[in-house]
Amino acid sequence: MSADRDVFRAPKGTRDVLAPESDRWVELVARFADRARRFGYGLVVTPIFEHYEVFARIGETTDVVSKEMYDFFDKGERHLALRPEGTAGTVRAFVEHRPPTPWKVWYLAPNFRYERPQEGRYRQHFQLGVEALGSDDPQLDVEVIELLAGFYRDLGLRQVRLLVNSMGDAESRARYRAVLLAHWHAHADLLGDDLARAEANPLRILDSKRPDWLDMIERAPQIVEYLTDASAAAFGQVQAGLRDVGIDFEIAPRLVRGLDYYTGTVFEFQGLALAGSQNAIGGGGRLDGLVAEMGGPPTPAIGFGCGVERVLLACDAEGALPAPTGRVDAFVVDALATGDALVLLHELREAGIAADRAYGGRSLKKQWGAADKSGARFGVMLAPREFETGHVVVKDLATGEQTEVRRESVAAWLATRTPERTLPDQPGAPSR
Ligand code: HAM
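Model, not experiment: these values are computed from the prediction.

(A) A look at the overall build of the protein chain. Assigned secondary structure in the protein chain consists of 17 helices and 16 strands. Counting only C-alpha atoms and orienting by the principal axes, one finds that the protein chain spans roughly 90 × 60 × 45 Å. Expressed as a percentage of its 432 residues, the buried residues of the protein chain come to 49%. Within the protein chain, residue pairs in contact and separated by at least 24 positions form 70% of the contacts whose partners lie at least 6 positions apart.

Following this line, the structure appears as structure tokens:
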């Protein structure tokens, strides 16, 4: 039955990630984790679902909460929702545990939004992100942006544009909302029923991509003109700091981001090699009010989320971060069938060499075929004649060149020729 076939497929808007694409995920996450560590951020892991109210704080007028949330009642009648983004749960965890500040954390997590799926827009997407809680220092804004800008650079992405804006403090936003609402009222005919949405939160109309509204949005007042002196000064410091660390940016006066918790600095990175509507490869900003809204002490904060799938699409478009050609360095070919292959593989792997084999007593021809397919640089053959004299045959699979290597030194021999996967540090050896 066709219905059955549909049931045994990944649900619409979700996807499986298999090797070799998943090898790139491993690389991507490793580079992010390394960068987060260098900036002093620790990993945080929060539940994939939370009480609905946690995510409602993202803003009842946002699409993410009002249209796209996967919420449900569990068997105990609790109203829960799958995480649509990483910030709300992280802030909830902070309020619950009250760790010392500054609390600087990073995460990798799947997020769920009931969107119209298309390339770069999924119902389940993964984000790498950070949140830094406990300081309103503009230098922290710079640090957070710098972390993400450097991550894109680490990946080899070049066609990246950074947009920044400021949502100002509460007073700036109150002033701006009043003039913005007056602007929407002046276009009540065009807005029709959406005027009610504009009244609930005038900022949300600015996110719209409706072609017939573009002109009206284009002529809307800009928040930078309504910033208080303090907010304007803080924004100035962020810009100066970005220049100091060599990060190019553009001011985007209409960038308000689609979530309600933003205050102060907001930013977005666009991958210019991607199609316009899905080119946001990361974004974030300050959320100085969210901790208090969830019942914690007033605690300023800033963070970002970066879409893993979109970053990889940007890498594809720019030819950056190619998938590795093979997962292993060495492939053991067994002509002995004595159990020595098992022991040799054990030794290689424990010595830090990535090594693989074929199973089930395959013919030598098939084993060499598997060695070629594995992408390994070397084939290591256990052959009767050489084994008797204490040797194995190592074959360079690219050139075909063969060398006899003593059985007990093959791990060291391979380690010196596979420089990216060197022997692990020995106990007592100076750490790198
Ligand atoms: P966001 O802009 O909604 O912000 O999402 C962050 C990033 O996740 C986007 O720039 C994009 O790369 C990716 N993304 C979002 N939705 C999808 C989707 N449906 N499919 C594929 N990728 C997607 C946030 O989520 C905030 N929590 C960021 C933040 C952290 N702000 C402060 N701290």
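(B) Molecular detail of the packing of aromatic side chains. Evaluation of the coordinates by the stated rule reveals 13 aromatic pairs. Geometrically, the ring pair formed by Trp 25 and Phe 126 is edge-to-face, given 5.1 Å between the ring centres and 85° between the ring planes. Separated by 101 residues along the polypeptide, Trp 25 in helix H2 (residues 21–38) and Phe 126 in strand E6 (residues 124–133) bring together distant segments of the chain. In this structure Trp 25 comes out as buried when scored by relative accessible area, which is 11%. A ring pair is formed by Tyr 70 and Tyr 114, whose centres lie 5.9 Å apart and whose planes are at 70°; its orientation type is edge-to-face. Of this pair, Tyr 70 sits in the loop between helix H4 (63–66) and strand E3 (71–73) while Tyr 114 is found in the loop between strand E5 (103–112) and E6, placing the two residues 44 residues apart along the sequence. Owing to a relative accessible area of 47%, Tyr 114 belongs among the partly exposed residues under this scheme. Joined through ring pairs, the aromatic side chains of Phe 32, Trp 106, Phe 151, Tyr 152, Phe 267, Phe 269 and Phe 304 make up one cluster. The ring of Tyr 122 has Arg 15 sitting right over it, with the charged end atom 5.4 Å from the ring centre.

(C) Region of the structure containing the site of the ligand. In the vicinity of the ligand there are 27 residues, among which Glu 85, Thr 87, Glu 115, Tyr 262 and Ala 280 approach most closely. In this structure, an oxygen atom belonging to the ligand sits 2.9 Å away from a side-chain N or O atom of Arg 257. Gly 282 is positioned such that a nitrogen or oxygen atom in its backbone is 3.2 Å from an oxygen atom of the ligand. In isolation the ligand exposes 660 Å². Once the protein is present, 95% of that is buried. The element best represented in the shell around the ligand is strand E10 (residues 280–286), accounting for 6 residues. Its residues assigned to classes, the shell around the ligand shows 9 nonpolar, 11 polar and 7 charged.

(D) View of the packing of H2 against helix H13 (residues 308–318). The contact between H2 and H13 brings their axes to 11 Å, and the two run at 105°. The pairing of H2 with H13 is recorded here as roughly perpendicular in orientation. Note on element contacts: H13 touches H2 through Val 308, Glu 309, Val 311, Leu 312, Cys 315 and Asp 316, opposite Glu 21, Arg 24, Trp 25 and Leu 28.

(E) View of the nonpolar core. Ranked by internal contacts, the top residues of the largest apolar core, which has 91 residues, are Tyr 41, Trp 184 and Phe 267. Ranked by residue count, the leading element in this core is helix H6 (residues 138–155), at 10 residues.

(F) A look at the domain arrangement of the protein chain. Along its sequence, the protein chain is organised into domain 1 (2–169 + 228–318) and domain 2 (330–415). When each unit is reduced to the centre of its C-alpha atoms, the spacing between domain 1 and domain 2 is 45 Å.

(G) Quick look at the pattern of salt bridges. Counting across every chain of the model gives 30 salt bridges. Arg 254 is the partner of Glu 218 in a salt bridge, and the nearest nitrogen-oxygen pair spans 4.0 Å. Within this pair, whereas Glu 218 is found in helix H10 (residues 214–218), its partner Arg 254 is found in the loop between strand E8 (250–251) and strand E9 (263–271), the two being separated by 36 residues in sequence. According to the relative accessible area criterion, Glu 218 is exposed, its value standing at 51%. Three or more residues are tied together by salt bridges with common partners; here these are Asp 194, Arg 197, Arg 210 and Asp 212.

(H) Broad picture of the sheet that holds strand E14 (residues 378–382). In spatial order, the strands read E13-E12-E14-E15-E16; together these 5 strands make up an open sheet with mixed pairing. The open sheet has two free edges, formed respectively by strand E13 (355–357) and strand E16 (402–406), since each of these has just one partner strand. Along the sheet, successive strands turn relative to each other by an average axial angle of 30°, direction set aside. Relative to E14, strand E12 (residues 330–334) runs parallel, the two being bridged by 5 bridges. From the neighbouring strand, Val 332 faces E14, where its bridge partner is Val 380. On top of the sheet, helix H15 (residues 364–374) reaches E12, E14 and strand E15 (391–396); it is set at about 175° to E12, its chief contact.

(I) Main features of the sheet that holds strand E1 (residues 42–43). On the basis of which strands lie adjacent, the open sheet formed by 8 strands has the order E1-E5-E6-E11-E10-E9-E7-E8 and mixed pairing. Only two strands of the sheet have a single partner each, and these edge strands are E1 and E8. Along the sheet, helix H11 (residues 229–244) makes contact with strand E7 (160–166), E8 and E9, crossing E7 at roughly 160°.

Procedures and definitions
- Residues numbered from 1 in each chain as written.
- Predicted model: local features only at pLDDT ≥ 70, side-chain atom pairs only at ≥ 80, totals over all residues.
- Heavy atoms only, no water.
- Helix = DSSP H or I, 4+ residues; strand = E, 2+ residues; numbered from the N terminus.
- Buried < 20%, exposed > 50% of the residue type's maximum accessible area, 1.4 Å probe, protein only.
- Contact = heavy atoms within 4.5 Å.
- Phe/Tyr/Trp six-rings, centres within 6.5 Å; stacked < 30°, edge-to-face > 60°.
- Lys NZ or Arg CZ within 6 Å of the ring centre and 35° of its normal.
- Near = heavy atom within 4 Å.
- Polar contact = N/O pair within 3.5 Å; in protein donor to acceptor, adjacent residues only side chain to side chain.
- Areas by Shrake-Rupley, 256 points an atom, 1.4 Å probe, with all protein chains shown as cover.
- Nonpolar A, V, L, I, M, F, W, Y, C, P; charged D, E, K, R; others polar.
- Axes fitted to C-alpha atoms, helices over the stretch in contact; angles between N-to-C directions.
- Parallel < 35°, antiparallel > 145°, perpendicular 65-115°, else oblique.
- Core = buried A, V, L, I, M, F, W, Y, C linked by side-chain atoms within 4.5 Å.
- Domains from an automatic or database assignment.
- Salt bridge = Lys/Arg side-chain N within 4 Å of Asp/Glu carboxyl O.
- Pairing = 2+ DSSP bridges.

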